[in-house]
Amino acid sequence: MSTIFDSLGIDPGIIIIILLLLVIILLIQSVSGNMRLSRLERKYKMFMKGSDAQSLEKTFVRKFAQIDHLYEAKEDHEHSINFIKKNFNLIFSKYGVEKYDAFDDVGGKLSFALALLDKNNNGLILNAVHSRDNCFLYLKEIVKGESYVMLSQEEVEALRKAVNFGLEELADTEQ
């Protein structure tokens, strides 16, 4: 073998020293890699261990079950909201109340007119007239914000409040 090195003009001692240096460098890199790998393995085990010796996999399974439960609850809520939206036209969402004294000899504003309307201003006016001896209740139908029968001044005021329900507060906040 030395004849090969002699013909090339290279001293075999230099080749041996270079190979020895390469072996030392590779040995250092191998030890360094093993140390990094063992640190990473310790961190991985600590990460997978979780709190109170519960595995991370169990934690993930529990969290995914919670997510599934939340998704089902969201679906139920969306169904309920859509049902409410669909039936919102059928409910009374606006009201107006006007209290008054129906008779001069009765005080305390015990009589009242109550207007209940949906979003299309359809509904009813309930008028309770209170006297010393009796209380009379009258019901009048409202279609598109108007009545087909004559309304008293108090009923007109209750109807106006109901038709403008929410608009007065909106105007106050804009100012």
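First things first, this report covers the structure right here in the doc. (Residues numbered from 1 in each chain as written. Predicted model: local features only at pLDDT ≥ 70, side-chain atom pairs only at ≥ 80, totals over all residues. Heavy atoms only, no water.)

**Concerning the pairing of strand β1 (residues 94-100)**
Each regular strand shows side chains that alternate between the opposite faces of the sheet. Burial along β1 is one-sided: K94, G96, E98 and Y100 are buried, and none of Y95, V97 and K99, which face the opposite way, are. The sheet contact formed by β1 and strand β2 (residues 111-117) spans seven bridges and is antiparallel. Among the inter-strand pairings, G96 is bridged to a residue of β2, identified as A115. (Buried < 20%, exposed > 50% of the residue type's maximum accessible area, 1.4 Å probe, protein only. Helix = DSSP H or I, 4+ residues; strand = E, 2+ residues; numbered from the N terminus. Pairing = 2+ DSSP bridges.)

**Quick notes on the packing of aromatic side chains**
This model, assessed by the stated rule, comprises one aromatic pair. An angle of 45 degrees between the planes, with centres 4.8 Å apart, marks the rings of Y95 and F165 as tilted. Of this pair, Y95 sits in strand β1 while F165 sits in the loop between α4 (153-163) and α5 (167-174), placing them 70 residues apart in sequence. Of the residues examined, F165 reaches a relative accessible area of 34% and is grouped as partly exposed. (Phe/Tyr/Trp six-rings, centres within 6.5 Å; stacked < 30°, edge-to-face > 60°.)

**Looking at a positive patch on the surface**
A contiguous patch of positive charge, built from R36, R39, R42 and K43, is present on the exposed surface. Inspection of the secondary structure puts K43 in helix α2 (residues 12-49). (Patch = residues over 30% accessible without salt bridge, like charges linked within 9 Å, V, L, I, M, F, W, Y side chains within 5 Å. Areas by Shrake-Rupley, 256 points an atom, 1.4 Å probe, with all protein chains shown as cover. Salt bridge = Lys/Arg side-chain N within 4 Å of Asp/Glu carboxyl O. Lys, Arg positive; Asp, Glu negative; His and termini not counted. Charge placed at Lys NZ, Arg CZ, Asp CG, Glu CD.)

**Things to note about the sheet that holds strand β3 (residues 123-130)**
One open sheet accounts for five strands, arranged β1-β2-β3-β4-β5; its pairing is antiparallel. Unpaired on one side and paired on the other, β1 and β5 (146-147) mark the two borders of the sheet. Docked against the sheet, α4 engages β1, β2, β3 and β4 (135-143), running at close to 150 degrees with respect to β1. (Contact = heavy atoms within 4.5 Å. Axes fitted to C-alpha atoms, helices over the stretch in contact; angles between N-to-C directions.)

**A short note on the nonpolar core**
Grouped together as the largest cluster of nonpolar side chains are nine residues: A113, A115, L117, I125, I142, L151, A158, L159 and A162. Secondary structure elements with two or more residues in this core: β2 and α4. Look past the residues within four positions of L117 in its chain and what remains in contact with it is I91, F92, S93, K94, N122, G123, L124, I142, L159, A162 and V163. (Core = buried A, V, L, I, M, F, W, Y, C linked by side-chain atoms within 4.5 Å.)

**Quick notes on the pattern of salt bridges**
Enumeration over the complete set of coordinates arrives at six salt bridges. Here E78 makes a salt bridge to K74, at a shortest N to O gap of 3.0 Å. Taken together, the residues span about one helical turn, with E78 and K74 both in helix α3 (residues 56-87) at a distance of four residues. In this structure, the salt-bridge partner of E98 is K161, at a minimum N-O distance of 2.8 Å. With E98 in strand β1 and K161 in helix α4, this pair connects stretches of sequence that are 63 residues apart. We classify K161 as partly exposed; its relative accessible area is 27%. Taken together, the salt bridges that share partners define one network made up of K74, E75 and E78.

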